[in-house]
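Below, each chain spelled out in residue letters.
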Amino acid sequence: MFKKGVHIVIGDGTSSLLRCAVTILVVLAVAFPAAAKNSADPEGFGLSPAELAWVGERIFQNECAGRRECLVHWNQGEAFPSLGIGHFIWYPEGVSDRFTESFPALLEFMRKEGVTMPAWVADAKGAPWPDRSHFYDAASQSDRVQSLRTFLYDTRGLQVRFIQQRAGASLEKVVAAAPYKQKRAVREKLRALMQTPGGVYAVMDYVNFKGEGVSEAERYQGQGWGLLQVLLAMPAAPARPLVAFREAAAEVLTRRARNAVNSIERERWLPGWLKRLQTYNEPVDRCDPVY
């Protein structure tokens, strides 16, 4: 990521926050060049190249804390590895679960962009490790995994664009899946969120993080936890849409953990999910050190 030791000292007042936000956006535009080159993309939600780069870096921080080794990872209690800045799901061949697989779609997006990827990745019909123990016992430090980490690190900007494209394609799907009497309200909440970089970031990150909420398979005790469920839980015409989104997402994710059979969701995952939601702010709301 960024060279360690380069810090920005924050003073008091709005001007300091604005200077800090501008500095971050400029630095991230360099770190995520593939995102910055596509300012004319109609799915850019009105963001500038630097703002889109900021979104990508926030997602990378959320999923991996900016750590390269986390780009190829297998969480305890999951049946699949999580890959890239968005921790895209890749099921082993012959394995399926309730969660939507996203890594093959990322690879297809990269193929269309003309990206050269490791041959074994391009030819694979699923993750080449049958389970987490095999991954960590035999493969986690192999040449294959190292080459995959390098590939995913070098294509961070394209992954941002994939997340952006996925979120853009999700919006009408989410509105269409809303109850008939609430379709207009859901659309208005989305429109309000998409007016600022922080709102766009929240929508893009949440779709990547917990999905759209339209799949009937992604339910515990009949209740979903995706973007649709968060929008339905928001109050109508909130004065501060991003704050309302953050609070509704916390409610929805807490409900998911409560409904889950596996206690790991309540004991280990939920605190991290709630912490992630606290990053749903505008660029000038908070300013962490830049490394």
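For the structure, see preceding data.
Summarised in this report is the structure supplied together with it. (Residues numbered from 1 in each chain as written. Predicted model: local features only at pLDDT ≥ 70, side-chain atom pairs only at ≥ 80, totals over all residues. Heavy atoms only, no water.)

**Quick word on the overall build of the protein**
The number of helices and strands found in the protein is 13 helices and three strands. Going through the 291 residues of the protein one by one, you find that 50% of them count as buried. A sequence separation of at least 24 residues applies to 65% of the contacts in the protein between residues at least 6 apart. As displayed, the protein offers around 14000 Å² of accessible surface, 51% of which is attributable to carbon and sulfur atoms. (Helix = DSSP H or I, 4+ residues; strand = E, 2+ residues; numbered from the N terminus. Buried < 20%, exposed > 50% of the residue type's maximum accessible area, 1.4 Å probe, protein only. Contact = heavy atoms within 4.5 Å. Areas by Shrake-Rupley, 256 points an atom, 1.4 Å probe, with all protein chains shown as cover.)

**Focus: the pattern of salt bridges**
Applying the stated criterion across every chain yields a total of nine salt bridges. For Lys173, the salt bridge is made with Glu212, and the minimal N-O distance between the two is 3.4 Å. Of this pair, Lys173 sits in helix H8 (residues 156-177) while Glu212 sits in the loop between helix H10 (197-210) and helix H11 (227-233); the two residues are 39 residues apart in sequence, bridging distant segments of the chain. According to the relative accessible area criterion, Lys173 is partly exposed, its value standing at 41%. Take Glu212: its relative accessible area is 15%, and that puts it in the buried class. (Salt bridge = Lys/Arg side-chain N within 4 Å of Asp/Glu carboxyl O.)

**A few points about the sheet that holds strand E3 (residues 88-89)**
Across the sheet, which stays open at both edges, the three strands sit in the order E1-E2-E3 with antiparallel pairing between neighbours. Whereas interior strands pair on both sides, the edge strands pair on one side only; in this sheet they are strand E1 (72-73) and E3. As paired elements, strand E2 (residues 82-83) and E3 share two bridges and run antiparallel to each other. Across the sheet, residue Leu83 finds its bridge partner in E3, namely Phe88. (Pairing = 2+ DSSP bridges.)

**A closer look at the packing of aromatic side chains**
Considering all chains together, one arrives at 18 aromatic pairs under this definition. Residues Trp74 and Phe135 carry aromatic rings whose centres are separated by 6.0 Å and whose planes lie at 40° to one another, so their mutual orientation is tilted. Taken together, the residues Trp74 in the loop between E1 and E2 and Phe135 in helix H6 (residues 132-139) connect sequence positions 61 residues apart. The two residues Trp74 and Phe135 agree in class, both being buried. Centroid distance Phe80 to Phe99: 6.2 Å. Interplanar angle 75°. Geometry classified as edge-to-face. Of this pair, Phe80 sits in the loop between E1 and E2 while Phe99 sits in the loop between E3 and helix H4 (103-112), placing them 19 residues apart in sequence. Here the two residues Phe80 and Phe99 agree in accessibility, since each one is buried. Put simply, the rings of Trp74, Trp90, Phe103, Trp120, Trp129, Phe135 and Tyr136 touch in pairs and so form one group of aromatic residues. One residue, Arg256, lies across the ring of Trp225, its end atom 4.3 Å from the ring centre. (Phe/Tyr/Trp six-rings, centres within 6.5 Å; stacked < 30°, edge-to-face > 60°. Lys NZ or Arg CZ within 6 Å of the ring centre and 35° of its normal.)

**Here's the deal with the environment of Ala177**
In this structure, Ala177 sits in helix H8. On the basis of relative accessibility, which here comes to 37%, the residue Ala177 falls in the partly exposed class. Here the alpha-carbon distance between Ala177 and Leu228, two residues 51 residues apart in the chain, equals 7.9 Å.

**Quick word on the nonpolar core**
Judged by nonpolar contacts, the single largest core of 78 residues is most densely connected at Phe103, Leu148, Tyr206, Leu227, Leu231, Phe245 and Tyr280. Once residues lying within four places of it in the same chain are set aside, the contact partners of Tyr206 are Gly211, Trp225, Gly226, Leu227, Val230, Phe245, Ala249, Val252, Leu253, Leu277 and Tyr280. (Core = buried A, V, L, I, M, F, W, Y, C linked by side-chain atoms within 4.5 Å.)

Read these as layout, nothing more, since geometry by itself doesn't imply function.
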